[in-house]
Amino acid sequence: MPRRLLPAGSEQQVLSAHGGAATMPSAFQLQCHLVLILLAASKGDTRYLEVRDAGEDEPFLLLSEDLKRELSAGHIYRRSLRRAEPSPVSAGCIDMLSIEGQFTFTADQPQLHCATFFIGEPEELLTIEYDFVNIDCQGGDFLKVFDGWILKGEKFPSSLDHPLPTSQRYTDFCESGAVQRSIRSSQNVAMIFFRIHQPGNGFTITVKKSANLFPCNVISQTPSGRFTMVIPHQHRNCSFSIIYPVVIKISDLILGHLNGLFLKNPSVGCAGVGDFVELLGGTGLDPSKMFPLADLCHSFHGSAQMKIGCDNTVLRMVSSGKHINRVTFEYYQLDLQEIENRKENSIEEFCFPGI
């Protein structure tokens, strides 16, 4: 029988670069819709972006000014989630949302490989609530929430950076049912996977946002910005992901140990140091599978800049929990001409830091 959930009532600091080069295939930004939605942010100053059909010449729709005014007036935004079209070239029912609201999916044919990616601002957490669910769990349907993003087997945050083991990051409606109607993310991204065989079955969810006082693990919606990451006496690792080739400038770094206490040996890096910041580059989503480009082991006030021509750039802070650690940085997308010039060289040369 179908499973149903009824509606509820000072000085210049130079970064040290590791030797070697990235060897992963440069196909990350071409393989997924989630990267395209981030690229769309450079086309206009808006946080309300939606993916449309990936095959269209213009795959993005910026919300109208009238809709923005309605949202600011307290109206609940509602729309249907994207469905796969009956075409052999269909990309499947993949959707992306960066806005609060109520969202409904109703199958008009078997929908077997579906996902929706949710993203908020860096300082926001996401809550996904089941309003209505009508799926056939016994017949092979499922509806799962994942705490983070997962794509091509790669996860963000990585297993090394997330507070929960991977198995506990999934919430399966067919197992939890009405017991757990609300799931809150640990960072500014989350997603749902679902499979529905019977036309007419589906679900309705509500997505809400809440403030996160100490953001840890963030995917940036835009190719430029400024951010301060603070880890207050917590033994954890935090990653800030920018899915663009960028210039990144670190202007302030405060680690718990005294400046100069740990003298860095470039051949060793930050091995043995409990608190440090590293820059990673690669072509995938999982920071633990990316190439280490540079690291910083002690505090400084000033400016440290690096150009990273990889599809994905990550600034990662490792904290022992013994201190209050803080890093302030800004980033902007590499100039297109500079990217093209670097692309004339090999993949190894392109996806490599320039100081």
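Basis of the calculations
- Residues numbered from 1 in each chain as written.
- Predicted model: local features only at pLDDT ≥ 70, side-chain atom pairs only at ≥ 80, totals over all residues.
- Heavy atoms only, no water.
- Helix = DSSP H or I, 4+ residues; strand = E, 2+ residues; numbered from the N terminus.
- Buried < 20%, exposed > 50% of the residue type's maximum accessible area, 1.4 Å probe, protein only.
- Areas by Shrake-Rupley, 256 points an atom, 1.4 Å probe, with all protein chains shown as cover.
- pLDDT = per-residue confidence, 0-100.
- Contact = heavy atoms within 4.5 Å.
- Core = buried A, V, L, I, M, F, W, Y, C linked by side-chain atoms within 4.5 Å.
- Phe/Tyr/Trp six-rings, centres within 6.5 Å; stacked < 30°, edge-to-face > 60°.
- Lys NZ or Arg CZ within 6 Å of the ring centre and 35° of its normal.
- Pairing = 2+ DSSP bridges.
- Salt bridge = Lys/Arg side-chain N within 4 Å of Asp/Glu carboxyl O.
- Disulfide = S-S within 2.5 Å.
- Lys, Arg positive; Asp, Glu negative; His and termini not counted.
- Polar contact = N/O pair within 3.5 Å; in protein donor to acceptor, adjacent residues only side chain to side chain.

The subject of this paragraph is the overall build of the protein chain. Helix and strand counts for the protein chain come out as five helices and 27 strands. By the burial criterion, 52% of the 355 residues in the protein chain qualify as buried. Element-wise, carbon and sulfur atoms account for 52% of the exposed surface of the protein chain, whose accessible area totals about 16,200 Å².

The next subject is the confidence of the model for the protein chain. Of the residues in the protein chain, 64% have a pLDDT of 70 or more, and the chain-wide mean is 75. Taken as a whole, residues 2–28 scores under 50 in pLDDT and shows 87 contacts with residues more than four places along the chain or in a different chain. Low pLDDT (under 50) marks residues 258–267, which in the prediction has 11 contacts with non-local residues, meaning those over four places away or in another chain.

Time to look at the nonpolar core. If you look at the biggest cluster of nonpolar residues, it comprises 30 residues, and the most contacted ones within it are Phe240, Ile248, Ile250, Leu253, Leu315, Val327 and Phe329. The set of elements that each furnish at least two residues to this core consists of β19 (225–232), β20 (237–242), β21 (246–254), β22 (276–282), β23 (291–296), β24 (300–308), β25 (312–318) and β26 (324–333). Here Val327 is in contact with Phe227, Thr228, Met229, Ile250, Asp252, Leu253, Val277, Leu315 and Met317, once residues within four sequence places are set aside. Formed by 26 residues, the second largest nonpolar core is a distinct cluster that contains Ala107, Cys114, Ile135 and Phe203.

Tallied over the full model, the rule gives 12 aromatic pairs. Geometrically, the ring pair formed by Phe227 and Phe240 is tilted, given 4.9 Å between the ring centres and 35° between the ring planes. Taken together, the positions of Phe227 in strand β19 and Phe240 in strand β20 put the pair 13 residues apart, joining distant regions of the chain. Residue class for Phe227 comes out buried when judged on its relative accessible area of 10%. Feature note: the residues Phe227, Phe240, Phe329 and Tyr331 constitute an aromatic cluster, connected by ring pairs. Taking NZ or CZ as reference, Lys144 lies 5.2 Å from the ring centre of Phe142, over its face.

For the rest of this paragraph, the subject is the pairing of strand β8 (residues 101–106). Look at any regular strand and the pattern is simple: side chains alternate between the two faces of the sheet. Burial along β8 is one-sided: the residues Gly101, Phe103 and Phe105 are buried and none of Gln102, Thr104 and Thr106 is. Sheet topology note: the β8/strand β17 (residues 202–211) ladder contains six bridges and is antiparallel. Each residue of the ladder has a partner; that of Thr106, found in β17, is Gly202.

Further remarks concern the pattern of salt bridges. Under the defined criterion, the tally for this structure stands at six salt bridges. We note a salt bridge from Asp252 to Arg326, for which the minimum N-O separation is 3.1 Å. A residue pair is termed long-range when its members are at least 10 positions apart, and Asp252 in strand β21 and Arg326 in strand β26 qualify at 74 residues. Among the residues examined, Asp252 registers a relative accessible area of 10% and is labelled buried. Overlapping salt bridges bring together Asp161, Glu278 and Arg316 as one network.

Okay, unusual backbone geometry next. Between Phe156 and the following residue, Pro157, the backbone shows a cis peptide bond with an omega angle of -10°. Within the element layout of this structure, Pro157 appears in the loop between β13 (154–156) and β14 (170–172). The phi torsion at Asn217 lies on the positive side, around 75°, for a residue other than glycine. Inspection of the secondary structure assignment puts Asn217 in the loop between β17 and β18 (218–219). Of the residues examined, Asn217 reaches a relative accessible area of 2% and is grouped as buried. Phi is positive for His233, which is not a glycine, with a value near 55°.

For the rest of this paragraph, the subject is the state of the cysteines. Under the definition given, this model contains three disulfides. Each sulfur of the disulfide joining Cys216 and Cys238 lies 1.9 Å from the other. Classification of the bridge connecting Cys216 and Cys238 rests on its S-S torsion, roughly -105°, and on that basis the disulfide is left-handed. Remark: Cys238 occurs in strand β20 and Cys216 occurs in the loop between β17 and β18; sequence separation between them is 22 residues.

Checked against the element boundaries, Asp147 lands in the loop between β11 (142–146) and β12 (149–151). It turns out Asp147 is buried and unbridged, and the closest side chain with the opposite charge, Arg169, is 5.4 Å from it. Engagement of the side chain of Asp147 in a polar contact is seen with the side chain of Ser186, the distance being 2.7 Å. Of note is the side chain of Asp147, whose polar atom sits 2.8 Å from the side chain of Gln187.

The next subject is the environment of Gln198. Within the element layout of this structure, Gln198 appears in the loop between β16 (189–196) and β17. Once the C-alpha coordinates of Gln198 and Gly139 are considered, the two residues, 59 residues apart in sequence, prove to be 9.2 Å apart.

In this structure, Gln221 sits in the loop between β18 and β19. Each C-alpha atom, one on Gln221 and one on Ile119, is 7.6 Å from the other, the two residues being 102 residues apart in sequence. One polar contact links the side chain of Gln221 to the main-chain carbonyl oxygen of Gly120, over a distance of 3.1 Å. Within the local environment of Gln221, its side chain forms a polar contact with the side chain of Glu121, the two groups lying 3.2 Å apart.

Let's shift gears to the environment of Arg169. Structurally, Arg169 is set in the loop between β13 and β14. Taking the C-alpha atoms as reference points, Arg169 and Ser185, separated by 16 residues in sequence, lie 9.0 Å from one another. The contacts of Arg169, once residues within four sequence positions are left out, are Val145, Phe146, Asp147, Gly148, Lys155, Phe156, Pro157, Ser158, Ser159, His162 and Leu164.

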